[in-house]
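Coordinate analysis (summary)
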Amino acid sequence: MKTARPGNPVSRRRFIGHLSAAAALTMLPRRSLALDTPTPKKKLGVALLGLGRYSEYELGPALRKTRHCQLTGVVTGSREKGERWAHTYGFPSKNIYSYDTMGGLAGNPDIDFVYVVTPNQLHAQHCIAAAKAGKHVICEKPMATSAADCDAILAACRSAGVRLTVGYRLHYEPHNIELCRLAREKVFGPFMKIEGANGFDMDDDARASTVWRLDKKLAGGGPLMDMGVYVIQAVCMAKVEASPIAVTAKFGPVTRPEVFSEVEESISWAMEFADGAVARCRSSYGERVSTFRAEAEHGWARFEEPAFYYDEPFLTTSLGPTNFPKVNHQVAQLDGMALELLEGRPSLAPGEMGRRDIAITDAIYAAAKSGQRVQVLS
Ligand code: NDP
């Protein structure tokens, strides 16, 4: 594994040593990592695992623009697709793996990171296989479909001495970084009243391109797992990465039972924090919505709609509009994660954070099913 910068050897064990659960969620001063740091000599090699829509339209193109990492391989169920990617991105055919042959990644120095971009339920097995091959892991959101699977991924990465991060692109986006700063420095006081929503209309076109999102086993749930995770993330950012102590929740009405026979069509929930703050949130596959607002005693912060899509999320506060550079979210995330690794810094989006969010989604589903207030177990 050659992941360290020349002249600055940093072992994988030391990286993971930085990532104790407590340290991983400690808020560090944030800055736009990819924008203001010189390019190291070596670009880290990334293998995308799962060549679906997010890989094809966002991550692959982003890896052409990154300064600190590049696409050097793929893991795919389709050899033909792999050959097409190798030709398009200029990496050798030897760096094409299948899900069954990815153990061979172990001897391949071209690949430092495996980026898992498969349906949610498969994240655990694919992340664990990547860790066993000795590769650092980026796992797409949601990290897994149960807290137990998150624990298994964390244990595998710990035991292999590799770094685990979650594909939370917004943690590397300047307006979101500013929201974190406002919260951390209590510029308006602690945010106490928060509202957020995220969803899209699962119309016939969307259904045709994403069958697994409606399959409970593969997706783990409906819009909460897919889109609601962003709202949970933003709420936790506004609470300086604290986890809520309890949640209440309610499933929305099923207006298209032929589509939503396994996963919820919409869901609303409230997150209660130890300091008395409350976040009221919702997520839907029946409505295009993407909003976020947080209020404190002396001011407020709001993302203009759409708050969570790939467009630039404009942050406005009670002091006026903010002015931060527009970035490609995936480029900022990939370069940010590569630099964290090269420089031996803790990640802004560690596996422990992904696990925290699955503990929250587990509690939200339990609350919606039971109609009871449910404590969030850490
Ligand atoms: P797609 O359905 O478009 O692609 C998933 C890919 O996974 C497939 O193309 C296939 O790749 C591979 N795969 C392996 N096993 C299966 C299986 N049993 N069923 C279906 N596909 C399988 O999904 P997306 O790319 O939209 O989403 C993938 C992941 O990325 C999800 O976890 C999603 O939440 C996340 N995502 C994150 C986004 C973000 O903004 N951070 C945005 C969009 C998605 P192959 O043919 O190469 O084997």
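Before reading further, recall that the structure is shown in the block above.
Residues numbered from 1 in each chain as written. Predicted model: local features only at pLDDT ≥ 70, side-chain atom pairs only at ≥ 80, totals over all residues. Heavy atoms only, no water.

So, on to the pattern of salt bridges. In the structure shown here, the tally under the stated rule is 19 salt bridges. Arg181 is the partner of Glu185 in a salt bridge, and the nearest nitrogen-oxygen pair spans 2.8 Å. When the shortest N-O distance is used, the salt bridge between Glu343 and Arg345 registers 2.8 Å. (Salt bridge = Lys/Arg side-chain N within 4 Å of Asp/Glu carboxyl O.)

Note: strands within a sheet are paired through backbone hydrogen bonds, in either parallel or antiparallel orientation. Spatially, the nine strands line up as an open sheet ordered β14-β13-β12-β11-β7-β10-β9-β8-β15, and their pairing is mixed. Unpaired on one side and paired on the other, β14 (320-321) and β15 (374-375) mark the two borders of the sheet. Relative to β14, strand β13 (residues 315-317) is paired through two bridges, and the arrangement is antiparallel. Counted as the bridge partner of Thr316 is Pro321 from β14. Contacting β7 (193-201), β9 (266-272), β10 (278-284) and β11 (286-296), helix α10 (residues 223-238) runs over the sheet at an angle of about 155° to β7. Along the sheet, helix α12 (residues 351-370) contacts β8 (246-251), β9 and β15; its crossing angle with β8, the most-contacted strand, is approximately 55°. (Pairing = 2+ DSSP bridges. Helix = DSSP H or I, 4+ residues; strand = E, 2+ residues; numbered from the N terminus. Contact = heavy atoms within 4.5 Å. Axes fitted to C-alpha atoms, helices over the stretch in contact; angles between N-to-C directions.)

Ordered by their spatial adjacency, six strands build an open sheet running β3-β2-β1-β4-β5-β6, and the pairing between neighbours is parallel. The sheet is open, and its two borders are formed by β3 (96-97) and β6 (164-166), each paired with just one other strand. In this structure, strand β5 (residues 136-139) lies alongside β6, joined through three bridges in parallel fashion. The residue bridging Ile138 from the neighbouring strand is Thr165, located in β6. Lying over the sheet, helix α11 (residues 329-342) contacts β1 (44-49), β2 (69-75), β4 (113-116), β5 and β6, oriented at roughly 145° with respect to β4.

Before going further, it helps to spend a moment on the environment of Leu377. Within the secondary structure layout, Leu377 lies in the segment after β15. Relative accessible area serves as the criterion here: at 63%, Leu377 is assigned to the exposed category. Between the alpha carbons of Leu377 and Ala363 there is a distance of 7.9 Å; along the sequence they are 14 residues apart. Excluding residues that lie within four positions of it along the chain, Leu377 makes contacts with Arg355 and Ala359. (Buried < 20%, exposed > 50% of the residue type's maximum accessible area, 1.4 Å probe, protein only.)

Across its 14 residues, α11 extends 20 Å between first and last C-alpha, which sits within 8% of the 20 Å expected from 1.5 Å per residue. For α11, a buried count of 14 out of 14 residues is recorded, marking the element as mostly surrounded by other parts of the structure. Structurally, the start of α11 carries an N-cap: the backbone nitrogen of Gln330 is 2.9 Å from a side-chain oxygen of Asn328. Where α11 ends, the next residue or the one after it, Gly344, has phi of about 70°, a positive value. (Expected span 1.5 Å × (residues − 1). Polar contact = N/O pair within 3.5 Å; in protein donor to acceptor, adjacent residues only side chain to side chain.)

Turning next to the site of the ligand. Taken together, 24 residues form the shell around the ligand, and within it Thr76, Lys81, Tyr99, Trp212 and Tyr230 come nearest. Within the backbone of Arg53, one N or O atom sits 2.8 Å away from an oxygen atom of the ligand. The contact in question runs from an oxygen atom of the ligand to an N or O atom on the side chain of Thr76, over 2.6 Å. Burial of the ligand by the protein chains amounts to 81% of its free accessible area of 900 Å². Class assignment of the residues belonging to the shell around the ligand gives a composition of 10 nonpolar, eight polar and six charged. (Near = heavy atom within 4 Å. Areas by Shrake-Rupley, 256 points an atom, 1.4 Å probe, with all protein chains shown as cover. Nonpolar A, V, L, I, M, F, W, Y, C, P; charged D, E, K, R; others polar.)

Right, let's get into unusual backbone geometry. Put simply, Lys141 and Pro142 share a cis peptide bond, and its omega is -15°. With an omega of 0°, the peptide bond running from Glu305 to Pro306 counts as cis. Within the fold, Pro306 resides in the loop between β12 (299-303) and β13. One non-glycine residue, Lys186, lies in the positive phi region at around 50°. Structurally, the position occupied by Lys186 is in the loop between α7 (174-184) and β7. Judged by its relative accessible area of 47%, Lys186 is partly exposed.

Moving on: the pairing of β8. Across a regular strand the side chains alternate sides, sitting on one face of the sheet and then on the other. Two elements, β8 and β9, share six bridges in a ladder whose sense is antiparallel. By the bridge assignment for β9, Val247 is matched with Met271. Bridging between β8 and β15 involves two bridges; their strand directions are antiparallel. Bridging across to β15, Ala246 finds its partner in Gln375.

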